[in-house]
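# Report on the structure
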Amino acid sequence: MLIETHLGRVAPGECDHLGHMNVQFYVAKVSDAAWHVMASIGITPSFIRERRQAPAAVRQEIAYLRELRAGDLLRMDSGLVEASEKRLTFYHRLTNLESGQVAMTSKVYTVNMDLDARRSAPLDPAVLAAALQRLLPEDAL
(Lines give C-alpha, C1' and ligand atoms only; values in the text may rest on other atoms or scores of the structure.)
Protein backbone atom coordinates (compact mmCIF):
# COMPACT_ATOMS: atom_id res chain seq x y z
CA MET A 1 0.00 0.00 0.00
CA LEU A 2 3.00 2.31 -0.21
CA ILE A 3 2.83 4.67 -3.16
CA GLU A 4 5.61 6.61 -4.84
CA THR A 5 5.30 10.22 -3.72
CA HIS A 6 8.63 11.69 -4.80
CA LEU A 7 11.28 10.87 -7.36
CA GLY A 8 14.21 13.22 -7.67
CA ARG A 9 17.75 13.99 -6.64
CA VAL A 10 19.60 15.96 -3.99
CA ALA A 11 20.39 19.37 -5.43
CA PRO A 12 23.69 21.00 -4.43
CA GLY A 13 21.77 23.89 -2.84
CA GLU A 14 20.04 21.44 -0.50
CA CYS A 15 23.35 20.52 1.15
CA ASP A 16 24.76 22.23 4.22
CA HIS A 17 28.31 22.98 5.33
CA LEU A 18 28.72 19.34 6.37
CA GLY A 19 28.21 18.25 2.76
CA HIS A 20 24.93 16.41 3.14
CA MET A 21 21.27 17.24 2.62
CA ASN A 22 20.05 19.64 5.30
CA VAL A 23 17.13 18.60 7.49
CA GLN A 24 14.87 21.35 6.15
CA PHE A 25 14.86 19.64 2.76
CA TYR A 26 13.92 16.24 4.19
CA VAL A 27 10.93 17.93 5.82
CA ALA A 28 10.04 19.74 2.58
CA LYS A 29 10.06 16.44 0.66
CA VAL A 30 7.81 14.87 3.31
CA SER A 31 5.45 17.84 3.10
CA ASP A 32 5.23 17.53 -0.70
CA ALA A 33 4.77 13.75 -0.47
CA ALA A 34 1.81 14.18 1.89
CA TRP A 35 -0.25 15.73 -0.90
CA HIS A 36 0.04 12.57 -2.99
CA VAL A 37 -0.97 10.29 -0.10
CA MET A 38 -3.92 12.54 0.71
CA ALA A 39 -5.02 12.50 -2.94
CA SER A 40 -4.86 8.70 -2.94
CA ILE A 41 -7.68 8.64 -0.35
CA GLY A 42 -9.73 11.46 -1.85
CA ILE A 43 -8.29 14.55 -0.16
CA THR A 44 -7.38 16.37 -3.34
CA PRO A 45 -6.74 20.10 -3.69
CA SER A 46 -10.27 20.57 -5.08
CA PHE A 47 -11.73 18.54 -2.18
CA ILE A 48 -9.92 20.84 0.28
CA ARG A 49 -11.12 23.99 -1.52
CA GLU A 50 -14.73 22.77 -1.75
CA ARG A 51 -15.11 21.02 1.61
CA ARG A 52 -12.91 23.46 3.56
CA GLN A 53 -11.21 20.73 5.55
CA ALA A 54 -7.80 19.09 5.51
CA PRO A 55 -5.38 17.17 7.72
CA ALA A 56 -3.23 19.48 9.85
CA ALA A 57 0.10 18.14 11.12
CA VAL A 58 0.35 18.16 14.91
CA ARG A 59 3.45 16.02 15.41
CA GLN A 60 6.24 14.57 13.28
CA GLU A 61 8.81 11.89 14.05
CA ILE A 62 11.86 11.62 11.79
CA ALA A 63 14.65 9.07 11.78
CA TYR A 64 17.72 10.11 9.80
CA LEU A 65 19.36 6.81 8.89
CA ARG A 66 21.89 7.56 6.14
CA GLU A 67 23.45 10.74 4.80
CA LEU A 68 22.43 11.98 1.38
CA ARG A 69 24.81 14.03 -0.76
CA ALA A 70 24.46 16.26 -3.82
CA GLY A 71 23.53 14.22 -6.86
CA ASP A 72 22.10 11.24 -4.94
CA LEU A 73 18.95 9.90 -6.60
CA LEU A 74 15.93 9.64 -4.31
CA ARG A 75 12.60 7.91 -4.09
CA MET A 76 9.96 8.59 -1.43
CA ASP A 77 7.30 5.98 -0.76
CA SER A 78 4.42 6.87 1.50
CA GLY A 79 1.28 5.47 3.04
CA LEU A 80 -1.04 5.50 6.02
CA VAL A 81 -0.42 3.73 9.31
CA GLU A 82 -3.41 4.94 11.32
CA ALA A 83 -6.87 6.30 10.56
CA SER A 84 -9.72 7.19 12.88
CA GLU A 85 -12.71 9.55 12.96
CA LYS A 86 -10.59 12.73 13.10
CA ARG A 87 -7.00 11.54 12.74
CA LEU A 88 -4.65 10.24 10.05
CA THR A 89 -1.03 9.19 10.49
CA PHE A 90 1.17 9.22 7.42
CA TYR A 91 4.38 7.23 6.95
CA HIS A 92 7.17 8.24 4.56
CA ARG A 93 10.33 6.36 3.58
CA LEU A 94 13.09 8.09 1.59
CA THR A 95 15.49 5.74 -0.22
CA ASN A 96 18.77 6.34 -2.00
CA LEU A 97 18.02 4.70 -5.35
CA GLU A 98 21.63 3.85 -6.19
CA SER A 99 22.50 2.15 -2.90
CA GLY A 100 19.00 0.94 -2.05
CA GLN A 101 19.50 2.17 1.51
CA VAL A 102 16.72 3.87 3.41
CA ALA A 103 17.99 7.34 4.28
CA MET A 104 15.04 8.64 6.31
CA THR A 105 11.68 7.58 7.68
CA SER A 106 8.99 9.82 9.05
CA LYS A 107 5.60 9.56 10.69
CA VAL A 108 3.35 12.60 10.54
CA TYR A 109 0.41 12.69 12.91
CA THR A 110 -2.50 14.83 11.74
CA VAL A 111 -5.90 15.98 12.91
CA ASN A 112 -8.59 16.72 10.37
CA MET A 113 -9.29 20.43 10.53
CA ASP A 114 -12.28 22.52 9.57
CA LEU A 115 -10.43 25.34 7.84
CA ASP A 116 -13.08 27.96 8.61
CA ALA A 117 -13.79 27.11 12.26
CA ARG A 118 -10.09 26.25 12.86
CA ARG A 119 -11.20 23.24 14.91
CA SER A 120 -10.96 19.50 14.49
CA ALA A 121 -13.72 17.89 12.46
CA PRO A 122 -14.70 14.36 11.51
CA LEU A 123 -13.20 13.04 8.30
CA ASP A 124 -15.49 12.66 5.34
CA PRO A 125 -16.88 9.07 5.55
CA ALA A 126 -15.61 8.18 2.07
CA VAL A 127 -12.14 9.50 2.92
CA LEU A 128 -12.06 7.54 6.18
CA ALA A 129 -13.19 4.36 4.39
CA ALA A 130 -10.50 4.80 1.73
CA ALA A 131 -7.87 5.44 4.41
CA LEU A 132 -8.84 2.33 6.36
CA GLN A 133 -8.55 0.24 3.20
CA ARG A 134 -5.03 1.58 2.52
CA LEU A 135 -3.51 1.10 6.00
CA LEU A 136 -0.03 -0.35 5.95
CA PRO A 137 0.64 -3.54 7.88
CA GLU A 138 3.14 -3.13 10.75
CA ASP A 139 5.73 -5.27 8.94
CA ALA A 140 5.77 -2.82 6.01
CA LEU A 141 7.49 -0.13 8.08
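Scope of this entry: the structure provided in the associated data block. (Residues numbered from 1 in each chain as written. Predicted model: local features only at pLDDT ≥ 70, side-chain atom pairs only at ≥ 80, totals over all residues. Heavy atoms only, no water.)

### Topic: the pattern of salt bridges
Taken as a whole and assessed by the stated rule, the structure comprises 7 salt bridges. The partner of R75 in a salt bridge is E4, and the shortest N-O contact between them spans 3.0 Å. Pair noted here: R75 is in strand β3 (residues 73-83) and E4 is in strand β1 (residues 3-9), with a separation of 71 residues, a long-range link. Residue classification places E4 among the partly exposed residues on the basis of a relative accessible area of 40%. Between D124 and R51 there is a salt bridge, with its nearest N and O atoms 2.8 Å apart. Pair noted here: D124 is in the loop between β6 (119-120) and α3 (125-133) and R51 is in helix α2 (residues 45-51), with a separation of 73 residues, a long-range link. Among the residues examined, R51 registers a relative accessible area of 42% and is labelled partly exposed. Ionic contacts of the salt-bridge type, sharing partners, join the residues E4, R75 and D77 into one network. (Salt bridge = Lys/Arg side-chain N within 4 Å of Asp/Glu carboxyl O. Helix = DSSP H or I, 4+ residues; strand = E, 2+ residues; numbered from the N terminus. Buried < 20%, exposed > 50% of the residue type's maximum accessible area, 1.4 Å probe, protein only.)

### Concerning the packing of aromatic side chains
Within this structure, the stated rule accounts for 1 aromatic pair. Centre to centre, the rings of Y26 and Y64 are 5.0 Å apart; their planes meet at 75°, and the pair counts as edge-to-face. You can see Y26 sitting in helix α1 (residues 23-40) and its partner Y64 sitting in strand β2 (residues 53-64), a full 38 residues away along the chain. For Y64, a relative accessible area of 40% gives the class partly exposed. (Phe/Tyr/Trp six-rings, centres within 6.5 Å; stacked < 30°, edge-to-face > 60°.)

### Some points on α3
For α3, the complete set of buried residues consists of V127, L128, A130 and A131. The buried side chains of α3 occupy one side of the element, clustering within an arc of 165° when seen end-on. The exposed residues of α3 that point more than 90 degrees off its buried face are P125, A126 and Q133. Against the buried residues of α3 lie α2, β3 and β4 (87-96). A distance of 2.9 Å separates the backbone nitrogen of A126 from a side-chain oxygen at the start of α3, and that oxygen is part of D124. (Arc of directions from axis to C-beta. Contact = heavy atoms within 4.5 Å. Polar contact = N/O pair within 3.5 Å; in protein donor to acceptor, adjacent residues only side chain to side chain.)

### Concerning the environment of R52
Along the chain, R52 turns up in the loop between α2 and β2. Along the chain, R52 and L123 lie 71 residues apart, while their C-alpha atoms are 11 Å from each other. Leaving out residues up to four positions away in the same chain, R52 has contacts with F47, M113, D114, L115 and D116.

### Regarding the nonpolar core
It is characteristic of soluble globular proteins that their nonpolar side chains tend to be buried jointly. Of all hydrophobic cores here, the largest spans 29 residues; its most connected members are I41, I43, L68, L80, L88, F90 and L94. For this core, the secondary structure elements donating two or more residues are α1, α2, β3, β4, β5 (102-114) and α3. Looking at this core element by element, the count peaks at 5 residues for α1. (Core = buried A, V, L, I, M, F, W, Y, C linked by side-chain atoms within 4.5 Å.)

### Let's talk about the layout of surface pockets
Reported here for the largest pocket is a volume of approximately 260 Å³. Residue assignment for the lining of the largest pocket shows that the elements contributing at least two residues are α1, β2, β4 and β5. Across the lining of the largest pocket, the residue classes tally to 11 nonpolar, 4 polar and no charged. (1 Å grid on protein atoms, 1.4 Å probe; cavity = no way out; pocket = protein on both sides within 12 Å on 5 of 7 lines; lining within 4 Å. Points joined across faces, edges and corners; volume = space filled by probe spheres on them. Nonpolar A, V, L, I, M, F, W, Y, C, P; charged D, E, K, R; others polar.)

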